[in-house]
Amino acid sequence: MKADTADGEVKVHLPAGLLGFENYKDYVLLGIAGEEPFFWLQVAEQRDLAFLAISPFQLQPDYAPQVSREDLRSVGLEELAEAFVFNIVTIRGPGQATVNLKGPIVLNRQGRVGKQVIPANAVEFSVQHPLPIAEA
Amino acid sequence: MLILSRKLNESIVIDGRITVRIMRVDGDIVKLGIAAPSEVPVHRQEVYDEIQKSNREALTTASRAVPRLATAAVRGPANPIICRQESQLQPDTERRT
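The rules we used
- Residues numbered from 1 in each chain as written.
- Chains lettered and ligands numbered in written order.
- Predicted model: local features only at pLDDT ≥ 70, side-chain atom pairs only at ≥ 80, totals over all residues.
- Helix = DSSP H or I, 4+ residues; strand = E, 2+ residues; numbered from the N terminus.
- Rg over C-alpha atoms; globule rule 2.2 N^0.38 Å.
- Buried ≥ 20, exposed ≤ 12 C-beta atoms within 10 Å, placed from the backbone.
- Contact = placed C-beta atoms within 7 Å.
- Pairing = 2+ DSSP bridges.
- Axes fitted to C-alpha atoms, helices over the stretch in contact; angles between N-to-C directions.

Enquirer: Lay out the overall build of chain A with the relevant residues and their values.
Expert: Scanning chain A from N- to C-terminus turns up 1 helix and 9 strands. When the helices and strands of chain A are placed in sequence order, the string is β-β-β-β-α-β-β-β-β-β. Taking 136 residues into account, the globule formula puts the C-alpha radius of gyration at 14 Å, and chain A, at 14 Å, falls close to it. If one aligns the C-alpha atoms of chain A with their principal axes, the spans along those axes are about 40 × 35 × 25 Å. By the burial criterion, 47% of the 136 residues in chain A qualify as buried. A fraction of 47% describes how many contacts in chain A between residues 6 or more apart in sequence connect residues 24 or more apart.

Enquirer: Give a detailed account of the overall build of chain B, specifying residues and quantitative values.
Expert: Broken down by element type, chain B carries 2 helices and 3 strands. Helices and strands in chain B line up, N terminus first, as β-β-β-α-α. Of the contacts made within chain B by residues no fewer than 6 positions apart, 0% connect residues no fewer than 24 positions apart.

Enquirer: Describe unusual backbone geometry, listing the residues and the values that go with them.
Expert: All names here are of chain A. Residues Glu-36 and Pro-37 are joined by a peptide bond in cis, for which omega reads 5 degrees. Here Pro-37 lies in the loop between β2 (26-30) and β3 (38-43). Residues other than glycine seldom take positive phi values, yet Arg-112 does so here, at roughly 60 degrees. Along the polypeptide, Arg-112 turns up in the loop between β7 (105-108) and β8 (113-116). Judged by C-beta crowding, with 21 C-beta atoms within 10 Å, Arg-112 ranks as buried.

Enquirer: So what's going on with the environment of A:Gly8? Residues and values would help.
Expert: Inspection of the secondary structure puts A:Gly8 in the segment before β1 (9-13). Sequence separation of A:Gly8 and A:Leu30 is 22 residues, and the distance between their C-alpha atoms is 5.8 Å.

Enquirer: Break down the pairing of β2(A) for me, with residues and values.
Expert: Residues and elements named next belong to chain A. Of the strand pairs in this sheet, β1 and β2 are connected by 5 bridges, and their pairing is antiparallel. Considered in β2, the bridge of Val-10 is made with Leu-29. Judged from the 4 bridges that link them, β2 and β3 form a sheet pairing that is antiparallel. Across the sheet, residue Tyr-27 finds its bridge partner in β3, namely Val-43.

Enquirer: Account for the sheet that holds strand β1 (residues 11-14) of chain B, with residues named and values stated.
Expert: Hydrogen bonds between backbone atoms are what pair the strands of a sheet, whose relative direction is either parallel or antiparallel. Residues and elements named next belong to chain B. Sheet architecture is open: 3 strands sit in the order β1-β2-β3, paired in antiparallel fashion. Either end of the sheet is taken by a strand with one partner, and the two such strands are β1 and β3 (29-35). Averaged over all adjacent pairs, the angle separating strand axes in this sheet is 25 degrees, with direction ignored. Here 4 bridges tie β1 to strand β2 (residues 18-26), and the two strands are oriented antiparallel to one another. When the bridges of β2 are listed, Ser-11 appears paired with Arg-21.

Enquirer: Any chance you could break down the pairing of strand β6 (residues 96-99) of chain A for me, citing the residues and the numbers?
Expert: Residue and element names in this part refer to chain A. Residue alternation in β6 divides its side chains into a buried set, Ala-97 and Val-99, and an unburied set, Gln-96 and Thr-98. Both strand β5 (residues 84-93) and β6 contribute to a ladder of 4 bridges, which runs antiparallel. Paired with Val-89 across the strands is Val-99, a residue of β6. Between β5 and β6, which follow one another and run antiparallel, lie 2 residues, and Gly-95 among them has a positive phi close to 75 degrees. When β6 meets strand β9 (residues 129-130), the two strands line up antiparallel, connected through 2 bridges. Bridge pairing links Val-99 to His-129 in β9.

Enquirer: Please provide a residue-by-residue account of the environment of A:Val85, values included.
Expert: All names here are of chain A. Take Val-85: it is sitting in strand β5. Take Val-85: there are 21 C-beta atoms within 10 Å of it, and that puts it in the buried class. Once the C-alpha coordinates of Val-85 and Ile-118 are considered, the two residues, 33 residues apart in sequence, prove to be 13 Å apart.

Structure follows, in structure tokens:
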């Protein structure tokens, strides 16, 4: 699949959608300068609907979700190391945000196909892992 | 919904390859033993519910102010999505140094 969007945007396809949003299967990953390390996962057909996201390894270098071979193969991968992994962030108020480490999204960088997976060791991870927010 | 009665140590078989056995009954706690091929995901319902709820809470409908992380917390490189070439999307493991 060839990216045909503007700079800093990547179209991705999540055939199963996100849990709770099974009808939205096409998204745009959008990075905005100044918002690093965050980026947006926008619903392609309605781009004002969006999820804030972050790469978990920047926060927890030892983050190691056990993603099943079946899940990896469903997006055309053999190893998790080949994937672009990201997690959804919830802004809870001023100075408060959490990241869902329990349900990472695993993306095939080449095919731009991804899936929100439940790792076999999901019990080890919080769905509301607090993010270290800088003091205002 | 199919409803079956089972006694201790009795099982049901699903699709000829998944066996669910009643291992122990202790008051209102039932311990199940599930034997399934490794490619069959088995999770507690709560895990699905939790992630679904989290996704719903995370959805934003307007451009919200993005929080700023404490810089000491971010060990990795800049935003990997702001890139123009596919080749710049390198595996995370390579960037984790």
